[in-house]
Amino acid sequence: MDYEVVVGLEVHTELKTATKIFCGCSTKFGAAQNTNVCPVCLGLPGVLPVLNARVVEFAVRTGLALNCRILPFSKFDRKNYYYPDLPKNFQTSQYDLPIAVDGHLDIAVGGQTRRIGITRVHMEEDAGKLVHAGSITKSEYALVDYNRTGVPLLEIVSEPDIRSAEEAKAYLEKLKAILQYIDVSDCKMEEGSLRCDANISLRPKGETKLGTKAEIKNLNSFKAVQKGLEYETARQADVLGEGGRVIQETRTWDDACGVTVSLRSKEEAHDYRYFPEPDLVPIVVDPAWVEDIRRHLPELPDARQGRLMKDYGLSAYEAGVITAGRAMAEYFDATVAAGADAKAAANWLMGELSRQLNAAGKELEDCPVAPGQLAGLIGLQAQGTVSGKLAKTVFEAMWASGKDAAAIVKEQGLVQISDAGAIEAVVDKVIAANPQSVDDFKAGKERAIGFLVGQVMKETKGRANPELVNKLLRERM
Amino acid sequence: MELNKLTAHELHGRLTAKEVSAAEITAAVFARIDAVEDKVRAYITQTRDQALAQARAVDDKIKRGEAVAPLAGIPGALKDNMCVKGVRTTCASQILANFVPPYDAAVVEKLAAQNAVVVGKANLDEFAMGSSCENSSFFATRNPWDTAAVPGGSSGGSAAAVAAAEAVWALGSDTGGSIRQPAAYCGVVGLKPTYGRVSRYGLVAYASSLDQIGPITRDVADCALVLGAIAGHDGRDSTSVDAPVPDYAKALIPDVKGLKIGLPKEYFVAGMDPAVEKAVYAAIDQLKALGAEYKEVAMPHTEYALAAYYLVATAEASSNLARYDGVGFGHRGEGNDIIAMYKRSRTEGFGEEVRRRIMLGTYALSSGYYDAYYLKALKVRTLIKQDFDKAFGEVDVLVAPIAPTTAFKVGEKMDDPLAMYLQDVCTVPINLAGLPAISLPCGFAAGLPIGLQIIGRPLGEETILRAAYAFEQANDYHRRLAPLGEV
């Protein structure tokens, strides 16, 4: 039977406020264990929370960027459960009156745009981190690092509008881009500042009733989201295909083994005993303040993609890749602003620059070649000073040294030879040395000329103008 | 006259007149503690060295000719659920028996700013849950008027210390009557301020939406003085009220002419001791004779207050006390896994009444019961507030009993939790509504004090202080000392 996959995502993102949600401790990642703590975030007897106003501002900004309605009256609730990484044994979160509701974002998959509903955005505090000695199963004890306790989180819940693992990945990528654009989160999945859980169920194609869902936790990379959901789709299809029933349960994605494993069934599900947080007053937002935040929202990914297509004639694909991350979009704009041709800048960003970043495991923020420097290289290429091949050599030198393209070209004598007189002698030498290839060419084998061009380039250390070489070879054979 | 038997305002006069030193006053209080503490047992922890150092610092100030605050050099006690940096804060619980806070409660900072002297941490029912001080996991405090009787609770140690002249003033906390009822039983003055008037930062929470810190003193003037020292907005408590603190001493006018007092009939519950009822009516007659206008008011939802209170308070407590799990601080029981460790820590650490309230509250918040219990209790709370709003449309203050009886015997109600809960029937509605109320002596029955309750509008502390002061000055109850006091 053909099944339709129905997925809804719950995404947690850490906000990049300087201080925690209910106390003045730093949120900085990577500090020595248990140094960003105080009586409040340690949940000592007698302490009280005070809401960080920046968290509300960031939540409202996020709600607006996701086309949500901002609730004028919202409140915090306690979610009660025991876990050693939670000092108070309750998490202060939002239950029935979240800060933002009823939004959406658009994703493009397979050339089609789909709108995914956002149910709600709510604020809450993060828990600490358990550190196990050795492996989690064999460890005799666990230590707790409370640095992360009280770091502000937004939970962003989608409607069950996602229909494939690929769409889930696209949704997450778009969400990450938006959160980065509006500058509320670093969205570093490897540091846990963007985390994802999924609700997934299958139903026969054409059926409108939802099937029984499983909740998949620990989908903590884009790849894990896609792989985990693909695995779970296949698993549930197998169960249903054999006439079985999917059990409502919580499962966890085991990235190493590439499988989802059952954590607990519905019967074992927690009763969180939510009730209004008596230590905090309700949040009443001023509509004028909300409008002010709306007015100051930056250009969002969709708008930016449209602008790149319209202003520079980039394809939807190119503009999509360039605008998928805020850093690349800004790098692109800066390169173009420094005088580079937009199309060439896009090609460099998507090609050589991305390749180098990946190889070095670096983020664009740490790129040793500045946008102005890339624009300089693109300029030299456009003038014909360096060939495309040579430009890559120059780029590698720029990457390694941080120097400008012009300086490297000058130092290394990499200027392209476009003087026919200087190339002719080499061409003649290559023709004389490769009679077989010359014969092949004359016999109609077009491919042979490629080899000969290559030999000339080799002799000139890549500096000869390839078009000129081609022309001279044809003339002189 | 023994110095420890004087009031704070009297002692302040003598200090600034350089007739006595703060060190002498503090020494007199400790001498008194040495003489009677084995009978009263008001203190869990005494802080002698710190207290004497604080007193000497005040004496130095006075010697240098510097002005000192009204509470400077005056020794008092803190209920042992208020955090003092470096001083064991136990909540009378085994689970916090060795807990030393790394920070000061807001009220402790305020008292330090006044150069007040803190002589120790007073006993209470464990985590402020109880009405007799018998639920302390360490020992039961006794009533200075009759050591076979309870001092009331939960701030029983604070009230007994003041009544036995083991402290000049004390702070208590009141969630459902825990300042007013022990003040009534011990024949002293106790005031529960408007919710939010005093910062709760550093008060170990029992029920967050009801808890409030307030003074316990020997007369109304001292009550005004201590309230003035601890009241005020605090950015660390989101429920703190941002309103200026009046000079409460200015409210001490011995005149109630034109003051409209109301009597809610519903507070005279079945089973009330006729002597208590008589004393409260006599007090109303006296206030009328002093010029107050009187009328009866209807408070139709009063009968549901106790049930609503025991749902709201226990629900909040079940969550507030979840942090005592043996992980980060407090008592840790042995266990082979985390769940076993939680269970052992909490079973060993909490007493019976605390466990009972945690279970009640957990039940009230559980899925399937929330609407029927917790949510309904919140609705009743709103109706009770509306009763008060309506009453305060007609009168300026309400007058009522504090408790149905005078102090009962130690052990009398320990096997009957419901009978113990009924002790709070006249006090819990005020906490549910967040209002200020004062308790002061209005007579005696069989040698035990009877308390009068005067309830005010939100932030109406000045009005209830004025009414209380007028009543007090027309009588001499505040000058009587517990028989223990004459030992």
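Residues numbered from 1 in each chain as written. Chains lettered and ligands numbered in written order. Predicted model: local features only at pLDDT ≥ 70, side-chain atom pairs only at ≥ 80, totals over all residues.

1. Considering the environment of B:Met341
All names here are of chain B. Applied cut-off: Secondary structure elements follow DSSP: runs of H or I of four or more residues count as helices, runs of E of two or more count as strands, with numbering from the N terminus. Between the buried cut of 20 or more and the exposed cut of 12 or fewer other C-beta atoms within 10 Å of a residue's own C-beta lies the partly exposed class, and all C-beta atoms are placed from the backbone. Contacts here follow a simple rule: the backbone-placed C-beta atoms of the two residues must lie within 7 Å.
Along the chain, the position of Met341 falls in helix H10 (residues 338-349). For Met341, a count of 18 C-beta atoms within 10 Å corresponds to the partly exposed category. Sequence separation of Met341 and Ala372 is 31 residues, and the distance between their C-alpha atoms is 33 Å. Other than its neighbours up to four places away in sequence, Met341 contacts Gly326, Arg332, Gly333 and Gly335.

2. Some words on the sheet that holds strand E3 (residues 117-122) of chain B
Residues and elements named next belong to chain B. We apply this condition: Between any two strands, at least two bridges found by DSSP are needed for them to pair. Between the N-to-C directions of two axes lies an angle of 0 to 180 degrees, each axis being a line fitted to C-alpha atoms and, for a helix, fitted only over the stretch in contact.
Strand order in the open sheet made by the 11 strands is E1-E3-E2-E4-E6-E5-E10-E11-E9-E7-E8, with mixed pairing throughout. Looking at the sheet topology across the chains shown, the edges are occupied by strand E1 (43-46) and strand E8 (293-297). With strand direction ignored, the average angle separating the axes of adjacent strands in the sheet is 30°. Looking at chain direction, strand E9 (residues 397-401) and strand E11 (residues 448-455) are connected through 4 bridges and run antiparallel. When the sheet's bridge partners are listed, Pro401 is paired in E11 with Leu452. Set on the sheet, helix H8 (residues 274-289) makes contact with strand E7 (260-264), E8, E9, strand E10 (437-445) and E11; between it and E10 the angle comes to about 115°.

3. Details of the interface of chain B and chain A
In plain terms, the rule: Residues are sorted three ways: Asp, Glu, Lys and Arg are charged, Ala, Val, Leu, Ile, Met, Phe, Trp, Tyr, Cys and Pro are nonpolar, and all the rest, Gly among them, are polar.
Facing the 36 residues of chain B at the interface are 25 residues of chain A. If you list the elements that add at least two residues to the side of chain B that touches chain A, you get helix H9 (305-320), H10 and helix H11 (352-365) of chain B. The greatest single-element share of the side of chain B that touches chain A, amounting to 3 residues, is contributed by H9(B). By residue class, the composition of the side of chain B that touches chain A is 19 nonpolar, 11 polar and 6 charged.

4. Quick word on the pairing of E8(B)
All names here are of chain B. Basically, it comes down to this: Orient the strands so they point away from the viewer; a crossover is then right-handed if the path from the first strand over the helix to the second runs clockwise.
Sheet analysis places E7 next to E8, joined by 5 bridges and oriented parallel. Counted as the bridge partner of Pro264 is Val297 from E8. This β-α-β element, E7 to H8 to E8, shows right-handed connectivity.

5. Things to note about the pairing of E10(B)
Each regular strand shows side chains that alternate between the opposite faces of the sheet. Residues and elements named next belong to chain B. With respect to burial, E10 is a largely interior element, 7 of its 9 residues being buried. Strand direction decides the pairing type here: strand E5 (residues 189-192) and E10, joined by 3 bridges, are antiparallel. Bridge assignment links Gly190 to a residue of E10, and that residue is Ser439. Note that E10 and E11 share 8 bridges and pair antiparallel. The partner of Ala437 across the bridge, within E11, is Ile455. Hairpin connection from E10 to E11: 2 residues lie between these consecutive antiparallel strands, with Ala446 at a positive phi of about 50°.

6. Thoughts on the confidence of the model for chain B
Which entries qualify depends on this criterion: The pLDDT value tells you how sure the predictor is about a given residue, anywhere from 0 up to 100.
Of all residues in chain B, 99% have pLDDT values of 70 or greater, and the mean over the chain is 96. Overall fold confidence (pTM) sits at 0.91, and the ipTM for the predicted complex is 0.96.

7. Comments concerning the packing of helix H9 (residues 371-383) of chain A against helix H11 (residues 405-412) of chain A
All names here are of chain A. Definition in use: Under this scheme an angle from 65 to 115 degrees is roughly perpendicular, one under 35 degrees roughly parallel, and one over 145 degrees roughly antiparallel; angles in between are oblique.
Orientation of H9 relative to H11, taken along the N-to-C sense of each, is 55°, at an axis distance of 8 Å. Between H9 and H11, the crossing angle belongs to the class labelled oblique. When H9 is examined against H11, the residues Gln373, Gly376, Leu377 and Leu380 are found in contact with a partner set consisting of Ala405, Ala406 and Val409. Taken together, the residues of the contact of H9 with H11 break down into 5 nonpolar, 2 polar and no charged.

8. Concerning the domain arrangement of chain A
All names here are of chain A. For clarity, the cut-off: For the domains described, the bounds stem from an automatic or database domain assignment.
Parsing chain A into structural domains produces domain 1 (3-291), domain 2 (299-412) and domain 3 (420-476). Computed over C-alpha atoms, the centres of domain 2 and domain 3 are 32 Å apart. Contact residues are listed per partner, giving 4 residues for domain 2 and 4 residues for domain 3. Taken together, the residues of the side of domain 2 that touches domain 3 break down into 1 nonpolar, 2 polar and 1 charged.

9. Some words on helix H10 (residues 388-401) of chain A
Residue and element names in this part refer to chain A. Basically, it comes down to this: By definition here, a helix of n residues has an expected span of 1.5 Å times n minus one.
An ideal rise of 1.5 Å per residue puts 20 Å on 14 residues; H10 measures up with 20 Å between its terminal C-alpha atoms. Looking at H10, one finds that the buried residues are Leu390, Ala391, Val394, Phe395, Met398 and Trp399. Looking at the buried positions of H10, the neighbouring elements they touch are helix H8 (342-360), H9 and H11. Remark: Gly402 follows H10 within two positions and exhibits a positive phi of approximately 80°.

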